[in-house]
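# An overview of the molecular structure
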Amino acid sequence: MQRRIRPGHNAKARRARHMSRRCCSELSIRLTAGISEARRAKYNALSAPKDRALSLAASLALDCVLHTAAGMREKDGAVTYSQLGAPTLSGKYISLSHSGMLAGAALSTAPCGLDIEQPRYLPHKRMLALSERFFSENDAETVRTADSIADAFFRIWTCREAFMKLTGNGFSMPRDSFCIDGNAAVSGEKIYPVRTYIKRGYYISVCSTSTLTAQLPEPIDPRTLGRFCRASAGISMHSEDLN
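A brief report on the enclosed structure follows.

Thresholds, definitions, all that
Residues numbered from 1 in each chain as written. Predicted model: local features only at pLDDT ≥ 70, side-chain atom pairs only at ≥ 80, totals over all residues. Heavy atoms only, no water. Helix = DSSP H or I, 4+ residues; strand = E, 2+ residues; numbered from the N terminus. Buried < 20%, exposed > 50% of the residue type's maximum accessible area, 1.4 Å probe, protein only. Lys, Arg positive; Asp, Glu negative; His and termini not counted. Salt bridge = Lys/Arg side-chain N within 4 Å of Asp/Glu carboxyl O. Polar contact = N/O pair within 3.5 Å; in protein donor to acceptor, adjacent residues only side chain to side chain. Contact = heavy atoms within 4.5 Å. Pairing = 2+ DSSP bridges. Axes fitted to C-alpha atoms, helices over the stretch in contact; angles between N-to-C directions. Parallel < 35°, antiparallel > 145°, perpendicular 65-115°, else oblique. Left-handed = near helix turned anticlockwise from the far one by under 90°.

### A look at unusual backbone geometry
- Positive phi is not limited to glycine here, since arginine 200 has a value of about 55°.
- If you trace the backbone, arginine 200 turns up in the loop between strand 8 (190-199) and strand 9 (202-208).

Okay, structure coming up:
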């Protein structure tokens, strides 16, 4: 049976889509005006709408945590960026991360790494295979023997990535050069505190070279950028040097 379309229905739908795109465009213009030229250039270089939204959300998370913890704004120029886009601030350390539909920023007085991961369904066999390939032997064994393989896998995955971002070496690090032992990343004789939070179903891990005392405001969801444009978001960490 052929579906009957009411007169003017298509025209109304087109106008609604046009207004939605126009509102999103106007909101993006207002929000990008509040970030630095470096972050705006990165945003403009992206073509996929989701990638642009996540990049903007990460910029706003950084701006919010800077304003909350240090009384400054990202666009003021105090934050500089390396050729790879890594943010740096005199006397502070910054780490950005996003996954799925969440983005966040960490700001600390000590080197830090932040990783956000949206859990997705993977067969246990696949998670075990990934653990064997990318984790240390100790971490892979932790996943194999865990009551919840999925929970152990994503906790260790985000903790490992947070530590690798802290070092700046990423996946170039040998997988057995460190492991996750409870609330610490252990590399040789050095111990780095690490914490994992679960917010909105996402795993969020942060690692530092110093003792962590962190408050975790809501990360930013790019779908609600307008709501969060003046909200506090990100991770502000106060660190005490380890002896």
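### Re the side chain of arginine 39
- Within the fold, arginine 39 resides in helix 2 (residues 37-45).
- Buried arginine 39, no salt bridge; nearest opposite-charge side chain is glutamate 74, N-O distance 5.2 Å.
- Only 3.2 Å separates the side chain of arginine 39 from the backbone oxygen of serine 55, close enough to count as a polar contact.
- Those residues within four positions of arginine 39 in sequence are excluded, and the remaining contacts are Ser55, Ala58, Ser59, Glu74, Tyr81 and Leu96.

### Concerning the environment of proline 123
- Relative to the assigned elements, proline 123 resides in the loop between strand 5 (112-117) and helix 4 (124-134).
- Spatially, the C-alpha atoms of proline 123 and isoleucine 149 are 9.8 Å apart, while their sequence positions differ by 26 residues.

### With respect to the pattern of salt bridges
- In this structure the tally under the stated criterion is 6 salt bridges.
- Residue arginine 144 is joined to glutamate 132 by a salt bridge in which the shortest nitrogen-to-oxygen separation is 2.1 Å. Of this pair, arginine 144 sits in helix 5 (residues 137-145) while glutamate 132 is found in helix 4, placing the two residues 12 residues apart along the sequence.
- Judged by relative accessible area, glutamate 132 falls into the partly exposed class, the value being 41%.
- Salt bridges linked by common partners bring Glu132, Glu141 and Arg144 together as one network.

### A word on the sheet that holds strand 8
- Taken in spatial order, the 5 strands line up as 5-9-8-7-6 in an open sheet, and their pairing is antiparallel. Either end of the sheet is taken by a strand with one partner, and the two such strands are strand 5 and strand 6 (179-180).
- Examined bridge by bridge, strand 7 (residues 184-187) and strand 8 share 4 bridges and lie antiparallel to one another. In the sheet register, serine 187 faces strand 8, and the bridge partner there is lysine 190.
- Strands in contact with helix 6 (residues 149-167) are strand 5, strand 6, strand 7, strand 8 and strand 9; relative to strand 5, the strand with the most contacts, it is inclined by about 145°.

### What about the pairing of strand 4 (residues 102-108)?
- In terms of residue burial, strand 4 counts as a mostly covered element, since 7 of its 7 residues are buried.
- Along strand 4, one buried face is formed by Leu102, Gly104, Ala106 and Ser108 and the opposite face, lined by Ala103, Ala105 and Leu107, is buried too.
- Examined bridge by bridge, strand 3 (residues 92-99) and strand 4 share 7 bridges and lie antiparallel to one another. Residue pairing across strands places isoleucine 94 opposite leucine 107, the latter belonging to strand 4.
- Between strand 3 and strand 4, which pair antiparallel one after the other, the connecting turn spans 2 residues, and glycine 100 there sits at a positive phi close to 60°.

### Looking at the environment of alanine 78
- Positionally, alanine 78 belongs in the loop between helix 3 (49-70) and strand 1 (80-81).
- Apart from the residues within four sequence positions on either side, alanine 78 is in contact with Met72, Thr88 and Leu89.

### Looking at the pairing of strand 8
- From the end of strand 7 to the start of strand 8, which pair antiparallel, there are 2 residues, and glycine 188 there has a positive phi angle of about 65°.
- Of the pairings in the sheet, the one linking strand 8 to strand 9 comprises 6 bridges and is antiparallel in character. Its bridge partner being in strand 9, threonine 196 is matched across the sheet by serine 205.

### Structural notes on the environment of phenylalanine 153
- You can see phenylalanine 153 is positioned in helix 6.
- Overall, the relative accessible area of 3% leaves phenylalanine 153 in the buried class.
- Counting along the chain gives 11 residues from phenylalanine 153 to threonine 142, while the straight-line C-alpha distance between them is 8.6 Å.
- Beyond its immediate sequence surroundings of up to four residues, phenylalanine 153 is in contact with Leu122, Met127, Leu130, Ser131, Phe135 and Val143.

### Overview of the packing of helix 4 against helix 6
- Viewed as axis vectors pointing N to C, helix 4 and helix 6 meet at an angle of 30°, and their least axial separation amounts to 10 Å. Considering their axes alone, helix 4 and helix 6 lie roughly parallel with respect to each other. The crossing of helix 4 and helix 6 is left-handed. Judged by residue contacts, His124, Met127, Leu128, Leu130, Ser131 and Phe134 of helix 4 engage Ile149, Ala150, Phe153, Phe154, Trp157 and Arg160 from helix 6.

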